[in-house]
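# Examination of the molecular architecture
If you want the building blocks of each chain, they are given just below.
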Amino acid sequence: PTRAPPEMLHVPGQYSGGETKEYTWTQTKSELEVRIPLPDVPEGSVKCDILPRSFMLTFGNTPGVALGGELSAVVVMDDSVWSVERDGVKAVAIISLRKAIPELWTRLLATDAEPEAAPQLLDGLERKKPMSRQELLRQAKERAKGMLDGPSKAVQHVIEDKTGEKVELTPENLPQLPVVTVRKCTDCTVVIATEVAAVKLMLEGCSNTTVILKGKVLTETLEVWGCSACALQIASPLKTVQVDACDNLKLQYQHASDFDRCLSAGAFALALTFLDAPALNGTVDLAELRAQMPDKALSAETDQFITRKIDGTLLTELIVRLSNDFPTTQREVMEFASKTRMQKDKLDEVVDGMLGSSLGKGLTETERVQMVEMVQSQSETAAAANAATEGTAAGR
């Protein structure tokens, strides 16, 4: 009989976090969820403040109960939400925090002790298809139904429609937690002083403009959109960079360790340079990528690339999405398939164990052959992820 083609591999991604008598938390590489059971308290008495480096949940009558503290790493405040789920008299506060740097945490709070074991994978190859991040945020906000209390403490600070000016940003002329946006500026220089601690840095619609970053960006993220012939001189960590619809953009890092990844779409002649590691210098150019992948029909609007330091060099790869909406690259899919392919001796061990069981002993010879073929098929399916992600426009 003809064997049906294998379904696309579901890549697992849910990891363990921790548990105390007050709360439990789990995580993926990009976000984490804290669940806090609540006593029977009035609906309006629950409040939660989320900052880039801390959260605090309060509930009950004044002075009430407070849970939270300083986080062990930075989160993206604008992409973090909280809500309360109620089931009769039971209620649970759910805090969803977006990590500024996509990596596994060993601790939730800075005051927590380091665990003896590393985070463990909770879901396996049969993981159900998760909802997209947009769906999760939408549902969380719908559950909240207006229960979010108080505005975000981050304040937008916009430098806009300037030509030929030099702008210096210092703590004296900025709000306490600024989101710095440089928008529609031409032939300008913007200097962010060493003493400044901004939440996020964004450039939008600028041309021939230079930004000199000496201070800190708490989320370590930079977003650049619709800019031409602009430059950034970076002297502090900007681990994650998002570049969309830009040309001739120059990102110069003083230290290569301050860079982790650049996500780009529609980027032409994007230069990444590192003063302390010039061997890493490289460019991202959609025209060149199209020439390298003529069969992909790459779109400037929808196809996204990721540029990272891999094996001592700067590598740009097309992002593909698996059937569970998990973003990855063809190289990582093949590596995952190789790691999950069952070795022959292990496969034989599994089959022998199954055939030696009480069930196996009762099988006919034909049924025993079918069982061997079934186990082999399952192993091959796990190793077939690279064949199932062909990098088509639909898959990307």
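So, how was this worked out
Residues numbered from 1 in each chain as written. Predicted model: local features only at pLDDT ≥ 70, side-chain atom pairs only at ≥ 80, totals over all residues. Heavy atoms only, no water. Helix = DSSP H or I, 4+ residues; strand = E, 2+ residues; numbered from the N terminus. Contact = heavy atoms within 4.5 Å. Areas by Shrake-Rupley, 256 points an atom, 1.4 Å probe, with all protein chains shown as cover. Pairing = 2+ DSSP bridges. Axes fitted to C-alpha atoms, helices over the stretch in contact; angles between N-to-C directions. pLDDT = per-residue confidence, 0-100. Phe/Tyr/Trp six-rings, centres within 6.5 Å; stacked < 30°, edge-to-face > 60°. Buried < 20%, exposed > 50% of the residue type's maximum accessible area, 1.4 Å probe, protein only. Disulfide = S-S within 2.5 Å.

### With respect to the overall build of the protein chain
A tally of helices and strands in the protein chain yields seven helices and 26 strands. A sequence separation of at least 24 residues applies to 41% of the contacts in the protein chain between residues at least 6 apart. For the protein chain, the accessible surface area stands at approximately 21100 Å², while carbon and sulfur atoms represent 52% of it.

### Topic: the pairing of strand E19 (residues 240-247)
Summarising the sheet, strand E17 (residues 221-225) and E19 pair through five bridges and their orientation is parallel. Residue pairing in the sheet places Glu 223 in a bridge with Gln 242 of E19. The pairing of E19 with strand E21 (residues 261-268) spans seven bridges and is classified as parallel. The residue of E21 that forms the bridge with Val 243 is Ser 264.

### Digging into the sheet that holds strand E7 (residues 75-87)
With antiparallel pairing, the five strands of this open sheet are ordered in space as E1-E2-E3-E8-E7. Of all the strands in the sheet, the pair left with one neighbour each is strand E1 (15-19) and E7. Within the sheet, the average angular offset between the axes of one strand and its neighbour, ignoring direction, is 15 degrees. Pairing geometry for E1 and strand E2 (residues 24-27), over four bridges, is antiparallel. The residue bridging Tyr 15 from the neighbouring strand is Gln 27, located in E2.

### A short note on the sheet that holds strand E18 (residues 231-234)
Reading across the sheet, the seven strands line up as E10-E12-E15-E18-E20-E22-E23 and stay open at both edges, with mixed pairing between neighbours. The sheet is open, and its two borders are formed by strand E10 (166-169) and strand E23 (282-284), each paired with just one other strand. Strand-to-strand twist across the sheet, computed as the mean angle between neighbouring axes with direction ignored, equals 15 degrees. Sheet analysis places E10 next to strand E12 (residues 189-192), joined by four bridges and oriented parallel. Following the sheet pairing, Lys 166 is matched in E12 by Thr 189.

### Concerning the confidence of the model for the protein chain
Close inspection of predicted coordinates is inappropriate in any region flagged by low pLDDT. Per-chain confidence: the protein chain averages 79 in pLDDT, with 71% of residues scoring 70 or above. When the criterion is pLDDT under 50, residues 1-12 qualifies, and its contacts beyond four places in sequence or with other chains add up to 31 contacts. Every residue in residues 143-152 is under pLDDT 50, and counting partners more than four places away or in other chains gives 13 contacts.

### A closer look at the packing of aromatic side chains
In the structure shown here, the tally under the stated rule is three aromatic pairs. Between Tyr 253 and Phe 274, the aromatic rings sit 5.7 Å apart at their centres with planes inclined by 25 degrees, giving stacked as the arrangement. Remark: Phe 274 occurs in strand E22 (residues 270-274) and Tyr 253 occurs in strand E20 (residues 250-253); sequence separation between them is 21 residues. Overall, Phe 274 belongs to the buried group, its relative accessible area being 1%. Taken together, the aromatic side chains of Tyr 253, Phe 259 and Phe 274 make up a single cluster linked through ring pairs.

### Quick notes on the pairing of strand E15 (residues 210-213)
In E15, alternate side chains face the same way, and those of Val 211 and Leu 213 are buried while those of Thr 210 and Ile 212 on the opposite face are not. Sheet topology places E12 next to E15; four bridges connect them, and they run parallel. Looking at the pairing, Thr 189 lines up with Thr 210 of E15. Of the strand pairs in this sheet, E15 and E18 are connected by four bridges, and their pairing is parallel. Paired with Leu 213 across the bridge in E18 is Ile 234.

### Notes on the state of the cysteines
Within the structure shown, the criterion is met by zero disulfides. Counting only cysteine sulfurs, Cys 188 is the nearest neighbor of Cys 185, a cysteine outside any disulfide, at a range of 4.7 Å. What makes Cys 185 buried here is its relative accessible area of 1%. In this structure Cys 246 is not part of a disulfide, and its nearest cysteine sulfur, from Cys 227, lies 4.9 Å away.

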